[in-house]
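# Breakdown of the fold
Below, each chain spelled out in residue letters.
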Amino acid sequence: MSEASTDRADRPAEVTDPLLWGLSTAVADAHQPDEERVCTSPSCDGAAWPCAAWNNAQEGLRAAQAPRPAPPAAAATAEPDRGDPLTGWSTNLVPAARSEALAASAA
């Protein structure tokens, strides 16, 4: 059985991603071993336990409790990098068809 529950009251306080926690818990609970250590989930079709789905669910439970990484320092600046024409909302780039139409109407 998984070491977690989808019930909010049973979710550890250190969970930073409740959706991932809940999904991982549901998968882990669905992929339990029988007395011969075979996964009981029909999707595993008799695979030895721990199956890949159960292992992935355990990784999801660990990831759901991991602290969120801080955003990169460059993303925290208010001024976008003006060296890259595709950075930020305002650019002077115009799609080719529109620039040709603008050039024709200006002439």
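Residues numbered from 1 in each chain as written. Predicted model: local features only at pLDDT ≥ 70, side-chain atom pairs only at ≥ 80, totals over all residues. Heavy atoms only, no water.

## Examining the nonpolar core
Listed in full, the 7 residues of the largest apolar core are Ala28, Cys39, Cys44, Trp49, Cys51, Trp54 and Ala57. Apart from the residues lying within four places of it in its own chain, the contact partners of cysteine 44 are His31, Cys39 and Cys51. (Core = buried A, V, L, I, M, F, W, Y, C linked by side-chain atoms within 4.5 Å. Buried < 20%, exposed > 50% of the residue type's maximum accessible area, 1.4 Å probe, protein only. Contact = heavy atoms within 4.5 Å.)

## Points about the packing of helix α1 (residues 18–30) against helix α2 (residues 52–64)
Each packed pair of helices is defined by two parameters, the angle between the axes and the distance between the axes. At a minimum axis separation of 8 Å, α1 and α2 run at an interaxial angle of 155°. What the angle tells us is that α1 and α2 run roughly antiparallel. The handedness of the crossing between α1 and α2 is left-handed. Listed contacts from α2 to Leu20, Trp21, Ser24, Thr25, Val27 and Ala28 of α1 are Ala53, Trp54, Ala57, Gln58, Gly60, Leu61, Ala63 and Ala64. Its residues assigned to classes, the contact of α1 with α2 shows 10 nonpolar, 4 polar and no charged. (Axes fitted to C-alpha atoms, helices over the stretch in contact; angles between N-to-C directions. Helix = DSSP H or I, 4+ residues; strand = E, 2+ residues; numbered from the N terminus. Parallel < 35°, antiparallel > 145°, perpendicular 65-115°, else oblique. Left-handed = near helix turned anticlockwise from the far one by under 90°. Nonpolar A, V, L, I, M, F, W, Y, C, P; charged D, E, K, R; others polar.)

## What to know about the environment of histidine 31
Looking at where histidine 31 falls in the secondary structure, it is placed in the loop between α1 and α2. Along the primary structure histidine 31 and alanine 57 are separated by 26 residues, whereas in three dimensions their C-alpha atoms are 9.2 Å apart. If sequence neighbours within four positions are ignored, histidine 31 has contacts with Cys39, Ser41, Ser43, Cys44, Trp49, Cys51, Ala53 and Trp54.

## Focus on the pattern of salt bridges
Scanning the entire structure with this criterion turns up 1 salt bridge. One salt bridge in this structure joins arginine 62 and glutamate 59, with 3.0 Å as the shortest N-O distance. With arginine 62 and glutamate 59 both in helix α2 and 3 residues apart, this pair spans about one turn of that helix. When its relative accessible area of 45% is taken as the criterion, glutamate 59 is described as partly exposed. (Salt bridge = Lys/Arg side-chain N within 4 Å of Asp/Glu carboxyl O.)

These figures come from the coordinates and say nothing about function on their own.
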